[in-house]
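Structural features, examined
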Amino acid sequence: MTVSQNVSLKPFNTFGIEARARYFVRVQTIEELREVLTDPVYRSLPRLILGGGSNVLFINDFFDGLVIKIDITGIAVLEETADAVLLEAGAGVVWHDLVMHTIEQGYAGLENLSLIPGTVGAAPMQNIGAYGVEIKETFDSLEAVHLESGESRRFTKEECRFGYRESIFKHGLRGQYIITSVRFKLSKIPVFHTSYGAIGDTLREMGVTEPSIKAISEAVCRIRRSKLPDPAQIGNAGSFFKNPEIPRLQYETLKMQFPDMPGYVTSPDFVKVPAGWLIEQCGWKGKVIGQTGVHKYQALVLVNYGTARGEEIRALSEEVQKSVKERFGIQLTPEVNFL
Ligand code: FAD
Ligand code: EPU
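Residues numbered from 1 in each chain as written. Chains lettered and ligands numbered in written order. Predicted model: local features only at pLDDT ≥ 70, side-chain atom pairs only at ≥ 80, totals over all residues. Heavy atoms only, no water.

On a plain count of helices and strands, the protein comes out with nine helices and 20 strands. In summary, the protein has a C-alpha radius of gyration of 21 Å against a globular reference of 20 Å for 339 residues, a match within 12%. A burial count over the protein gives 51% of its 339 residues as buried. Partitioning the intrachain contacts of the protein with sequence separation of at least 6 by distance along the chain shows that 59% fall at a separation of at least 24. A total accessible area of about 15,900 Å² is found for the protein, and carbon and sulfur atoms account for 50% of it. On the protein, the mean spot of the 37 positive side-chain charges and the mean spot of the 40 negative ones are 4 Å from each other. (Helix = DSSP H or I, 4+ residues; strand = E, 2+ residues; numbered from the N terminus. Rg over C-alpha atoms; globule rule 2.2 N^0.38 Å. Buried < 20%, exposed > 50% of the residue type's maximum accessible area, 1.4 Å probe, protein only. Contact = heavy atoms within 4.5 Å. Areas by Shrake-Rupley, 256 points an atom, 1.4 Å probe, with all protein chains shown as cover. Lys, Arg positive; Asp, Glu negative; His and termini not counted. Charge placed at Lys NZ, Arg CZ, Asp CG, Glu CD.)

A word on the packing of helix 5 (residues 197–205) against helix 6 (residues 213–227). Contact geometry for helix 5 and helix 6: axes closest at 9 Å, N-to-C directions at 105°. With respect to helix 6, the axis of helix 5 lies roughly perpendicular. In contact with A198, I199, T202, L203 and E205 of helix 5, helix 6 contributes A215, I216, A219, V220, R222 and I223. Its residues placed into classes, the contact of helix 5 with helix 6 shows eight nonpolar, one polar and two charged. (Axes fitted to C-alpha atoms, helices over the stretch in contact; angles between N-to-C directions. Parallel < 35°, antiparallel > 145°, perpendicular 65-115°, else oblique. Nonpolar A, V, L, I, M, F, W, Y, C, P; charged D, E, K, R; others polar.)

Bringing the domain arrangement of the protein into the picture now. When cut into domains, the protein gives domain 1 (4–70), domain 2 (75–227) and domain 3 (235–338). Domain 2 and domain 3 are separated by 26 Å when their C-alpha centres are compared. Taken together, the contact between domain 2 and domain 3 spans six residues of the former and seven residues of the latter. Taking both sides of the interface into account, the surface hidden between domain 2 and domain 3 amounts to around 650 Å²; carbon and sulfur atoms contribute 36%. For the interface between domain 2 and domain 3, the tally reads two salt bridges. Residue E166 is joined to K242 by a salt bridge in which the shortest nitrogen-to-oxygen separation is 2.6 Å. One can count four residue pairs in polar contact (both at pLDDT 80 or more) joining domain 2 with domain 3. (Domains from an automatic or database assignment. Buried area = accessible area lost by both parts, 1.4 Å probe. Salt bridge = Lys/Arg side-chain N within 4 Å of Asp/Glu carboxyl O. Polar contact = N/O pair within 3.5 Å; in protein donor to acceptor, adjacent residues only side chain to side chain.)

Another point: the environment of I168. Of note, I168 is situated in the loop between helix 4 (157–160) and strand 12 (177–187). Owing to a relative accessible area of 12%, I168 belongs among the buried residues under this scheme. Excluding residues within four positions of it along the chain, I168 makes contact with E159, C160, R161, L173 and R174.

Bringing the packing of aromatic side chains into the picture now. Going through the model one piece at a time under the given rule, you end up with 12 aromatic pairs. Above the ring of F155, the side-chain terminus of R153 is found at 4.0 Å from the ring centroid. In this structure, K272 packs its charged tip against the face of Y164, placed 3.4 Å from the ring centre. (Phe/Tyr/Trp six-rings, centres within 6.5 Å; stacked < 30°, edge-to-face > 60°. Lys NZ or Arg CZ within 6 Å of the ring centre and 35° of its normal.)

The next point concerns the nonpolar core. Proteins that are soluble and globular tend to have nonpolar side chains buried together. In this structure, M261, L278, I279 and F328 are the most contacted members of the largest nonpolar core, which totals 45 residues. Residue assignment for this core shows that the elements contributing at least two residues are strand 2 (20–27), strand 3 (47–50), strand 4 (56–57), strand 5 (62–70), helix 7 (248–257), helix 8 (275–281) and helix 9 (310–328). Looking at which element gives the most residues to this core, the answer is helix 9, with five residues. Counting contributing residues, this core receives three or more from each of domain 1 (4–70) and domain 3 (235–338). The residues contacting I279, other than those within four sequence positions of it, are F241, W284, V294, A299, L300, V320, V324 and L332. Counting residues in hydrophobic clusters, the runner-up holds 42 residues, among them A89, V120, I216 and V220. (Core = buried A, V, L, I, M, F, W, Y, C linked by side-chain atoms within 4.5 Å.)

Attention now moves to the side chain of K69. Inspection of the secondary structure assignment puts K69 in strand 5. Not counting the four nearest positions on each side in its chain, K69 is found in contact with F12, F24, V25, R26, V27, L50 and G51.

In structure tokens, the structure reads:
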């Protein structure tokens, strides 16, 4: 384990923002993590945890502290019955590699979450979700190390307080724990989630008549590749904002003024409105401002055309928020973590 100095973070964030860290270290085991956390040289400095850097925006050009990149790997089956497995993956495992591994083994539950960038350890942070599924549905528990004491603790699903793009690690326990491994309960008897419109249509296009977890994964990958910009080509962090959930009454009032406004009922009293639609209606789709912009096919994705600074992306996001608020009275909340 080597702690490097004055390291560029550009290769470590999918926005491709050039920021530098005073200290940078990659940890491969819990022991290495504990060692670096308790080291008196770094104890008094701010510490920042990084997985794949696919949901972060570095708003400062210099981080005057220690960046800890989690590289803890390993996938193991802990328990197995005739119809289910309890599987554990290290926090540094690439999320899509885990999904592919489970599909190869015939374990169902993660296939709709194919191709989401990032690592296993960051997945519970915002209860990653896509195409009608969230990890909370297959999540069993996780292990995390306390940043100050270096002690490990197991968190159950209830303790993680998962919600839409939410968990306790983004709120009550923000910045206090480093997730080191995650356990999932997966099924050997698949229940297919194909209700999300585009999946059924894509399976038909692919000529699939009998769904399988592999076919669903392939369909999801196809849809994602057609809709979302590849960070290797153009810097981005996926959806920049969450889709707002607004009171039903507010939605019905807005719908009278904007009859085309889409909305999905999420509970008896709330409707989720696609932020991409709100942003597009405000005229942002495809706009380029300096090195930043709003993607031309997906208005919910803010992009770095090459040399944008984090502060410029943030300024654009605030302009977008302002115009959506003015036009629709809806406050957009960033999904991306500003660091
Ligand atoms: P990072 O960006 O490195 O970190 C995210 C946050 O978690 C930071 O606050 C960081 O400090 C913290 N963190 C990271 N690892 C740990 C750890 N081990 N312990 C404690 N804290 C940690 N998300 C979805 O939910 N659904 C999608 O469909 C989706 N699509 C995307 C598409 C694209 C093209 C991109 C670029 C992003 C997309 N995302 C999506 C967002 C992103 O992939 C997820 O949020 C992912 O879980 C982030 O993982 P990461 O390892 O890159 O986390
Ligand atoms: N829309 C527009 N204009 C746009 C984009 C979207 O009008 O430019 C409207 C359309 O009505 C469309 C609807 O928004 O039908 C939904 O768009 P899309 O299917 O692309 O999904 P999304 O709501 O933009 C969400 C997640 C994605 C996830 C997909 C698939 C959030 C914040 N985003 O996007 O997650 O992959 O659904 O489930 O919930 C991420 O979190 O980073 C992410 C990419």
